[in-house]
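Close look at the chain arrangement
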Amino acid sequence: MTVLIIGNKGQLGWALERCAESHDIETVGVDLPELDMTHAKALDQLVARERWTAVVNAAAYTAVDKAESDAATAFAVNRDGVAHLADACGEHDLPLIHISTDYVFNGTATSPYQPDDPIDPLGVYGQSKAAGEKVLRERLDRHLIIRTSWLYGIHGNNFVKTILRLARERKELRVVADQYGCPTYAGDLAEAIIKIVKQWLRNKELSYGTVHYCNRGVVSWHQLAQQAIQSASRYEKFQVETIVPITTEEYPTPTPRPAYSALDCTRFTESFGIKTVDWKGSLDRMVDGLYT
């Protein structure tokens, strides 16, 4: 049996392919330009191509700030594309794992969000992802929505790799210190997803619904930047001398960010027996992967 990974060129899709290989699970990955999530017929043909074990949708429109001026594309991919994929999976009786985001919440909480907490996205990106969740729940019973947060990995562009690049170029960095969340290593999320697929192979009627997965620990962007540089300093000497904490107001963006978007992963652990791991250890492993 083979797992279909949609969005295999992104940081999570890349990690999924490598994790599946280590578990002796065969995968087929697709991404732009070969597959466009907005083309319903192409999605249906892909899903019908062979008898997949499961489908994992790691594809999304993730340009958070650009989405504010390109809402049509964001919704075409994050809502309509998910609707097309849900219909195709339903037609061919396939379970779908779909990746969503902490941006469906408004960030006013003072404790980690539960999967059933009310959503209230602040910007177009979050609104389009919330809309994708809604159409998936309406169209496909055998689905698992995994919300994650602050994703970073060895492959692709992300906050950790940007910070390390800037630390090589500048003596001072200014990083937002009043937004809090749970950094998540793509390799850990990929490992969790592949373990779920293996459970589905053994028992087709496992838990579906909405869960959260992130690494353990709630930190600010400033703290994450400090730890990333500290971890990478084992391998190279950086130019940066000072990492200045700043407020959200000092770093304006087109899209408002949730001030607090930590996610509670209790349901995930109870449903699948997979424990989350500490963010610092995962960051070290990601950095090791960058340099070795």
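Here the structure is a predicted model, which means the values were calculated and not measured.

**Quick look at unusual backbone geometry**
Residue Pro33 follows Leu32 across a cis peptide bond; omega there is 0°. If you trace the backbone, Pro33 turns up in the loop between strand 2 (26–30) and helix 2 (40–48). Although it is not a glycine, Asp93 sits at a positive phi angle of roughly 55°. Checked against the element boundaries, Asp93 lands in the loop between helix 3 (71–91) and strand 4 (96–101). Overall, Asp93 belongs to the partly exposed group, its relative accessible area being 44%. The phi angle at Trp150 is positive, at roughly 50°, despite the residue not being glycine. Classification of Trp150 as buried rests on a relative accessible area of 10%.

**Here's the deal with the pairing of strand 3 (residues 52–57)**
Here strand 3 lies mainly inside the structure; six of its six residues are buried. Bridge analysis of strand 1 (residues 2–6) against strand 3 gives five bridges, and the strand direction is parallel. Residue Ile5 lies in a different strand from strand 3, and its bridge partner there is Val56. For strand 3 and strand 4, the ladder comprises three bridges, and the chain directions are parallel. Bridge pairing links Val55 to Leu96 in strand 4.

**Thoughts on the sheet that holds strand 1**
In space, the six strands of this open sheet follow the order 2-1-3-4-5-10, with parallel pairing throughout. With partners counted over all chains shown, the strands left at the sheet margins are strand 2 and strand 10 (209–212), one partner each. Mean inter-strand twist for the sheet, computed between neighbouring axes without regard to direction, equals 20°. Pairing of strand 1 with strand 2, which is carried by five bridges, proceeds in the parallel orientation. Across the sheet, residue Val3 finds its bridge partner in strand 2, namely Thr27. Set on the sheet, helix 2 makes contact with strand 1, strand 2 and strand 3; between it and strand 1 the angle comes to about 160°. Helix 4 (residues 124–139) contacts strand 4, strand 5 (143–148) and strand 10 of the sheet and is inclined by roughly 155° relative to strand 4.

**Structural notes on the nonpolar core**
Residues Leu4, Ile6, Val55, Leu85, Cys89, Leu96 and Leu136 are the most contacted members of the largest nonpolar core, which totals 34 residues. When residues of this core are traced back to their parent elements, those giving at least two are strand 1, strand 2, helix 2, strand 3, helix 3 and helix 4. For this core, the element with the most residues is helix 3, which contributes nine residues.

**Digging into the pairing of strand 5**
With six of six residues buried, strand 5 is to be regarded as a mostly interior element. By the alternation rule, side chains of strand 5 split into His143, Ile145 and Arg147 and Leu144, Ile146 and Thr148, which are all buried. Viewed along the sheet, the connection from strand 4 through helix 4 into strand 5 turns out right-handed. Note that strand 5 and strand 10 share four bridges and pair parallel. Bridge assignment links Ile146 to a residue of strand 10, and that residue is Val211.

**Concerning helix 2**
The set of residues buried in helix 2 consists of Leu43, Leu46 and Val47. One face of helix 2 carries all of its buried residues, which in axial projection span an arc of 95°. In this structure, the buried residues of helix 2 make contact with strand 1, strand 2, strand 3 and helix 3.

**Section: the state of the cysteines**
For the structure on display, the rule yields zero disulfides. Unpaired in this structure, Cys214 has its nearest cysteine sulfur neighbour in Cys265, at a distance of 3.4 Å. The exposure class assigned to Cys214 is buried, which follows from its relative accessible area of 2%.

So, how was this worked out
- The numbers attached to residues start from 1 for each chain and follow its sequence in the written order.
- This being a predicted model, a pLDDT of at least 70 is required before a residue's local features are given, and a value of 80 or more before pairs of side-chain atoms are given or counted; all residues contribute to the totals for chains, interfaces and linings.
- Note that water and hydrogens are dropped before the side-chain values are worked out from all heavy atoms of the structure.
- Under the scheme used here, helices are H or I runs from DSSP no shorter than 4 residues and strands are E runs no shorter than 2 residues, and both carry numbers assigned from the N terminus.
- Relative accessibility under 20% of the residue-type maximum defines a buried residue, over 50% an exposed one, and the middle range a partly exposed one, all with a 1.4 Å probe and only protein chains included.
- A pair of strands is considered paired only if DSSP assigns at least 2 bridges between the two.
- Axis definition: a line fitted to C-alpha atoms, limited for helices to the stretch in contact. Angles are taken between N-to-C directions and run from 0 to 180 degrees.
- Every residue pair with non-hydrogen atoms within 4.5 Å of one another is taken to be in contact.
- Residues grouped as a nonpolar core are buried Ala, Val, Leu, Ile, Met, Phe, Trp, Tyr and Cys residues, joined through side-chain atoms within 4.5 Å.
- Assignment of crossover handedness uses the view with strands pointing away from the viewer, where a clockwise path from the first strand over the helix to the second indicates a right-handed crossover.
- The arc under discussion is defined with respect to the helix axis, by the directions toward the C-beta atoms.
- Working definition: a disulfide is two cysteine sulfur atoms within 2.5 Å of each other.

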